[in-house]
Structure formats: C-alpha cells, structure tokens
Amino acid sequence: MTQPTLFVCALCKFPAAESGAGDTPGGQHLLDRLTDCLNAEISKGEITLQSVRCMAACDRACNAALSAPGKLTFIFNNLSPSQSAPDLAEFCRQYATAANGKVPYGLRSPAIKQATAYVLPPLLAEAAIPERNVSRMAH
Ligand code: FES
C-alpha cells in the first residue's frame, strides 16, 4: 500500500460564515482537528499529514490536497475548518485502501463530494508513457 499524504494549507482564513478560534487561522484549526481524527493512522505511518503555507487558492479557503504515488490526486477547497475533519479523515482512509485512490463516488460523503474541486490522474513515469504519446507530446 502506498502511503497517502494529505496536504493542508495552514494559513487559510476562516470563512465569513464561521467564527474563528482566536488568532489561529482556519487552516491551522483544520490541521489540528485532522491530527486528532487521524492520530492512529499518523502514528502507524499509514497517512502523512503535511502542513503547507498557501496553495494559491486563498479565496476558496480552506484548501487541501490528497496524493500518493501511483494514485489519483484530489484537490479540495471550501473546506470548513471546524466541520470537515471527520469527513476528510474518513476519505483519507478510503483513499489509502482504494486501487489507484479511486474511491467509489457513492461511498464519498456529501461534504467530500461538495469540496472536491479537481481530480488529477496519477503521474506516469517517463518510461511508462506509451511511445505514441511521447511522440505526440514532442510536437
Ligand atoms: S492562504 Fe491558504 S491557499 Fe492561500
């Protein structure tokens, strides 16, 4: 099993509809909640939670991305700092065990469906790119 990494922007602000927690940014609040929700998986090295500083989507806070070698990459935005952590943690667990990270749509929570902004295919090693695609890309 390839170890997924959940990247979360620690600097995202709380959305206007949510009250903040003192000086703590919304993204850091979300990271703290995720650390609690994923404590067991993080301790066992099954999921990595990585704080990042701005993902260039500040007007769609909070932002996160889930990726692993050979798997789809999910980009999430408009995550609630105070309510998204349980759904995001559950999606990380589903993603960790799903082939290619392709969690069946029907198994995704409504919050995850709503927050999913983009899904990218796995990166292909250069050697794995079919010859016809390499020549097409050269033009
Ligand atoms: S501050 Fe979070 S995306 Fe810019």
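Rules used in this analysis
Residues numbered from 1 in each chain as written. Predicted model: local features only at pLDDT ≥ 70, side-chain atom pairs only at ≥ 80, totals over all residues. Core = buried A, V, L, I, M, F, W, Y, C linked by C-beta atoms within 7 Å. Buried ≥ 20, exposed ≤ 12 C-beta atoms within 10 Å, placed from the backbone. Helix = DSSP H or I, 4+ residues; strand = E, 2+ residues; numbered from the N terminus. Contact = placed C-beta atoms within 7 Å. Pairing = 2+ DSSP bridges. Axes fitted to C-alpha atoms, helices over the stretch in contact; angles between N-to-C directions. pLDDT = per-residue confidence, 0-100. Parallel < 35°, antiparallel > 145°, perpendicular 65-115°, else oblique. Left-handed = near helix turned anticlockwise from the far one by under 90°. Nonpolar A, V, L, I, M, F, W, Y, C, P; charged D, E, K, R; others polar.

Further remarks concern the nonpolar core. Judged by nonpolar contacts, the single largest core of 29 residues is most densely connected at V8, L34, A64, L88 and C92. Elements represented by at least two residues in this core include exactly strand 1 (5–9), helix 1 (26–37), strand 3 (64–67), strand 4 (73–76), helix 3 (85–97) and helix 4 (110–115). The element best represented in this core is helix 3, accounting for six residues. Residues contacting L88, with those up to four places away along its chain left out, are L34, A64 and L79.

With mixed pairing, five strands are arranged side by side in an open sheet as 2-1-3-4-5. Taken across any chain shown, the strands that pair with only one partner, and hence form the sheet edges, are strand 2 (48–52) and strand 5 (116–120). Averaged over all pairs of adjacent strands, the angle between their axes in this sheet comes to 15 degrees, without regard to strand direction. Where strand 1 meets strand 3, four bridges bridge the pair, whose relative direction is antiparallel.

Along strand 4, the buried face is formed by F74 and F76; none of T73 and I75, which line the opposite face, is buried. Summarising the sheet, strand 3 and strand 4 pair through three bridges and their orientation is antiparallel. Considered in strand 4, the bridge of A65 is made with I75. Counting the residues in the hairpin turn of strand 3 and strand 4 gives five residues, including G70, whose phi is positive at 75 degrees.

For the rest of this paragraph, the subject is the confidence of the model for the protein chain. Residues with a pLDDT of 70 or more make up 87% of the protein chain, whose mean pLDDT is 90. Here residues 134–139 is a poorly scored stretch, pLDDT under 50, and it has one contact once near neighbours within four places are set aside; other chains count.

Each pair of packed helices gets described by two things: the angle between the helix axes and the distance between those axes. The geometry of helix 1 relative to helix 3 is characterised by a closest axis approach of 9 Å and an angle of 50 degrees between their N-to-C directions. For the element pair helix 1 / helix 3, the angle class is oblique. The handedness of the crossing between helix 1 and helix 3 comes out as right-handed. Here L30, R33, L34 and C37 of helix 1 come into contact with helix 3, specifically with A85, P86, L88 and A89. For the contact of helix 1 with helix 3, a count of residues per class yields seven nonpolar, no polar and one charged.

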